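# Structural features, examined
Each chain, written out:
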Amino acid sequence: MTTMENPTAHGSGNAATDKFKSERVTSDTSVERASAIYKDLLGALAGIVDKHQVTYDEYRVLKQWLIDVGEYGEWPLWLDVFLEHEIEKVHYNRKGFTGTKGSIEGPYYVPNSPKLPSKCTMPMREKDKVAPPLIFKGQVTDLEGNGLSDATVELWHADEEGYYSQFAPGIPEWNLRGTVEVDENGNFEITTLQPAPYQIPSDGPTGWFIKSYGGHPWRPAHLHLMVKAPGKRAITTQLYFKGGEWVEDDVATAVKPELILDPQPNADGIAEVTYNFVLDPE
Ligand code: MBD
Ligand code: FE
């Protein structure tokens, strides 16, 4: 974990890279499949170089930038912003899901967050409460609508400044992270904060990349979720807010219309929304 005074691209990037590296990943890809993928990958690159008559200066800038992305630890960030949504789409279609739609995990998930009861308040600091509260409730069910009593709803999101605990300095380890254990009918009621739009750090190579093509670095305000139950396919998803800034133009291309919430004030004037999760069988 990186310890630094101020949040920087370097700091959050390296924290995300360290987190990812802590688990060595593998895939059972065959030699034949690897060969076919590499051939198409290199063919696509060759086609781009030829189509745009890429110069030696541009090639050297690319080489420098690739080195910088690694040194800033920003591969998890860049890949999850610009590529993960395509992987998620293929995953969703190949598996034939019919339950709740998924979305990208992003670089800031941490497993094993503290368990919370079905009716709970997310761990937060006094200062986080400048953001308006949000009551987020619902039920986890199977495809037939039966409540799943053993389900868990893992929730993580940024604070009012757009920082995620464990990826920016000075935030309690599990701030705005928790694993909610639903009640005997699969219900949960979580009090948290309304997140703000998220800006990709602009002081690192992912930010430079966005600037170089005249793009914007924003994601709409979002909640990250992982919903699991024994014998069911786990889903990783995100929820957004109707009418929110950048909902129509997410830099990470991760918004789906089925994932947009429309909270309304309850009797106490607190924004409240119900969203039910439907899990496919394994
Ligand atoms: C995020 O918070 C996020 O969700 C993604 C996908 C990329 C960068 C930051
Ligand atoms: Fe996020």
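A brief look at the structure comes next. Computed from a prediction, not measured in an experiment: that's the story for all the values here.

## Concerning the overall build of the protein
Looking only at helices and strands, the protein has six helices and 14 strands in total. For 282 residues, the compact-globule estimate of 2.2 N^0.38 gives 19 Å, and the protein sits close to it at 20 Å. Along the longest, intermediate and shortest principal axes, the C-alpha atoms of the protein span 65 × 45 × 35 Å. Looking at the protein as a whole, 44% of its 282 residues qualify as buried. Accessible surface, the protein: about 15,500 Å² in total, of which carbon and sulfur atoms supply 54%. The centroid of the 26 positive side-chain charges in the protein is displaced by 4 Å from the centroid of its 42 negative side-chain charges.

## Thoughts on the coordination of the iron ion (ligand 2)
Every protein donor of the iron ion (ligand 2) is accounted for by Tyr164 (OH), His222 (NE2) and His224 (NE2), and the metal-donor separations fall at 2.0 to 2.1 Å. Positions of the donor residues of the iron ion (ligand 2), expressed as sequence spacing, correspond to Y-x57-H-x1-H. Of the two residues, Tyr164 sits in the loop between β4 (152-156) and β5 (177-181) while His224 sits in strand β9 (residues 223-228), which places them 60 residues apart along the sequence. His224 shares its class with Tyr164; the two are buried.

## Here's the deal with the packing of helix α4 (residues 75-82) against helix α6 (residues 205-212)
Here α4 crosses α6 at 40°, and the two axes come no closer than 9 Å. In terms of their interaxial angle, α4 and α6 are classed as oblique. Across the interface between the two elements, Leu77, Trp78 and Phe82 from α4 touch Thr206, Phe209 and Ile210 from α6. Residues that form the contact of α4 with α6 fall into these classes: five nonpolar, one polar and no charged.

## Overview of the site of ligand 1
Close to ligand 1 lie Leu77, Val81, Ile104, Gly106, Pro107, Tyr108, Tyr164, Tyr198, Ile200, Arg219, His222 and His224, which account for all nearby residues. One of the side-chain nitrogen or oxygen atoms of Tyr164 is found 2.9 Å away from an oxygen atom of ligand 1. Within the side chain of Arg219, an N or O atom sits 3.0 Å from an oxygen atom of ligand 1. Notes on ligand 1: free accessible area 260 Å², of which the protein chains cover 100%.

## Examining helix α5 (residues 84-95)
For α5, spanning twelve residues, the distance from its first C-alpha to its last is 16 Å, which sits close to the expected 16 Å at 1.5 Å a residue. In the core, the buried residues of α5 are packed alongside α4. Directly after α5, the chain includes Gly96, whose backbone phi takes a positive value near 60°.

## Considerations on the pairing of β9
Across the six residues of β9, five count as buried, placing the element largely inside the fold. Across five bridges, β4 lies against β9 in antiparallel orientation. Residue Thr152 lies in a different strand from β9, and its bridge partner there is Lys228. In terms of strand pairing, β9 meets strand β10 (residues 235-241) through five bridges, oriented antiparallel. Along β10, the bridge assignment pairs Leu223 with Leu239. Once β9 ends, the chain turns through six residues before running back antiparallel as β10, passing Gly231 with a positive phi of about 80°.

Reading the values: the criteria
- Residues numbered from 1 in each chain as written.
- Chains lettered and ligands numbered in written order.
- Predicted model: local features only at pLDDT ≥ 70, side-chain atom pairs only at ≥ 80, totals over all residues.
- Heavy atoms only, no water.
- Helix = DSSP H or I, 4+ residues; strand = E, 2+ residues; numbered from the N terminus.
- Rg over C-alpha atoms; globule rule 2.2 N^0.38 Å.
- Buried < 20%, exposed > 50% of the residue type's maximum accessible area, 1.4 Å probe, protein only.
- Areas by Shrake-Rupley, 256 points an atom, 1.4 Å probe, with all protein chains shown as cover.
- Lys, Arg positive; Asp, Glu negative; His and termini not counted.
- Charge placed at Lys NZ, Arg CZ, Asp CG, Glu CD.
- Donors = N, O, S within 2.8 Å, 3.2 Å for Na, K, Ca; no water.
- Axes fitted to C-alpha atoms, helices over the stretch in contact; angles between N-to-C directions.
- Parallel < 35°, antiparallel > 145°, perpendicular 65-115°, else oblique.
- Contact = heavy atoms within 4.5 Å.
- Nonpolar A, V, L, I, M, F, W, Y, C, P; charged D, E, K, R; others polar.
- Near = heavy atom within 4 Å.
- Polar contact = N/O pair within 3.5 Å; in protein donor to acceptor, adjacent residues only side chain to side chain.
- Expected span 1.5 Å × (residues − 1).
- Pairing = 2+ DSSP bridges.

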